[in-house]
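Listed below, chain by chain, are the residues.
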Amino acid sequence: MKILFIGDVVNEDAGQALAKFLPKFLKQENIDISIANGENSANGNGISPRSAELIFSSGADVITGGNHSLRRDEMAEYYSKAAETNYGSHPKKTLIPANLRSEYSKGYVIIEKHGVKIGIVNLLGTVFMNPCDNPFDAADRIITEMSEKGVKNIFVDFHAE
């Protein structure tokens, strides 16, 4: 199993570069799951529906977030729609850190590839960040939930300073 994690996609220029190079790379390297941190993919900072769609259309399976995930009001509807189906077959798995209180995301998703369940968790550090819940408490809760669902392989995007 090959998993590719792409660190912060910063602004739409980076999203355009991703769109240009990622599809070929995914095919060339036989990548099974691709994850991109998109919390700063909009021009300025934060994520926008446009920048999220650009990342997904480039071939990312999951977009993880960070402290700027909730910065843009226009993402509320996008997150809401994605949250309705994030944990089923919906292709737009957009995560907000599990310990950043949000009605839109549990902070993790489970993807099954080749008969193997892969858990992807998004957590936020607490140093130099806006107040959030303890990431280790969230991690313990999520690992327990995933274990109960038969997940043995867990990938964590821990967004921190």
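Right, let's walk through the structure included here. Being a predicted model, the structure only gives us computed values, none of them experimental.

**Some words on the overall build of the protein**
Then, in step 1: Of the regular secondary structure elements, the protein holds 4 helices and 7 strands.
Then, in step 2: Listing every helix and strand of the protein by position from the N terminus yields β-α-β-α-β-α-β-β-β-α-β.
Then, in step 3: On C-alpha atoms alone, the protein measures out to a radius of gyration of 15 Å, which is about the 15 Å that the 2.2 N^0.38 rule sets for 161 residues.
Then, in step 4: For the C-alpha atoms alone, the extent of the protein along its principal axes is close to 40 × 35 × 30 Å.
Then, in step 5: Here the protein, with 161 residues, has 45% of them falling under the buried criterion.
Then, in step 6: Partitioning the intrachain contacts of the protein with sequence separation of at least 6 by distance along the chain shows that 71% fall at a separation of at least 24.
Then, in step 7: Counting every atom, the protein has about 8300 Å² of accessible surface; 51% of that belongs to carbon and sulfur.
Then, in step 8: Of the charged side chains in the protein, 17 are positive and 21 negative; the average position of the first set lies 7 Å away from that of the second.

**Side note on the nonpolar core**
Then, in step 1: Membership of the largest hydrophobic core comes to 22 residues, with the highest contact counts inside it found for Ile6 and Ile55.
Then, in step 2: Among the secondary structure elements, those contributing two or more residues to this core are β1 (3-6), α1 (11-28), α2 (49-58) and α3 (75-85).
Then, in step 3: Not counting the four nearest positions on each side in its chain, Ile55 is found in contact with Val9, Leu18, Ala36, Gly38, Ser41, Ala60 and Ile63.

**A look at the sheet that holds strand β5 (residues 108-113)**
Then, in step 1: Read across the open sheet, the 3 strands follow the order β5-β6-β7; overall the sheet is mixed. Among the strands making up the open sheet, the edge pair consists of β5 and β7 (153-159). Ignoring strand direction, the axes of neighbouring strands in this sheet form an average angle of 20°.
Then, in step 2: Taken together, the 6 bridges between β5 and strand β6 (residues 116-124) define a ladder with antiparallel strand orientation. When the sheet's bridge partners are listed, Glu112 is paired in β6 with Lys117.
Then, in step 3: In the packing of helix α4 (residues 135-148) onto the sheet, contacts are made with β5, β6 and β7, and the angle to β6 comes to roughly 165°.

About the criteria used
As a convention, each chain's residues are numbered from 1 in the sequence order in which they are written. Reporting in this predicted model follows two pLDDT cut-offs: at least 70 for local features of residues, and 80 or more for side-chain atom pairs to be given and counted; totals over whole chains, interfaces and linings ignore these cut-offs and use all residues. Here the side-chain values reflect all heavy atoms present in the structure, with hydrogen atoms and water set aside. Strands here mean DSSP runs of E at least two residues long; helices mean DSSP runs of H or I at least four residues long; both are numbered from the N terminus. Radius of gyration means the value over C-alpha atoms here, while the globule rule gives 2.2 Å times the residue count to the 0.38 power. Only protein chains enter the accessibility calculation, which uses a 1.4 Å probe. A residue is then buried if its area is under 20% of the maximum for its type, exposed if over 50%, and partly exposed in between. Residues count as neighbours in contact if any of their non-hydrogen atoms are within 4.5 Å of one another. For the accessible areas, the method is Shrake-Rupley and the probe is 1.4 Å, while residue cover comes only from the protein chains on display. Counted charges follow a simple rule, with Lys and Arg positive, Asp and Glu negative, and His plus the chain ends left uncounted. Throughout, a charge is located at the NZ atom of Lys, the CZ atom of Arg, the CG atom of Asp or the CD atom of Glu. Think of a nonpolar core as a cluster: buried Ala, Val, Leu, Ile, Met, Phe, Trp, Tyr and Cys residues, connected wherever their side-chain atoms sit within 4.5 Å. Being paired, for any two strands, means DSSP has found at least two bridges between them. Note on geometry: axes are lines fitted to C-alpha atoms, helical ones only across the stretch in contact, with angles between N-to-C directions running from 0 to 180 degrees.

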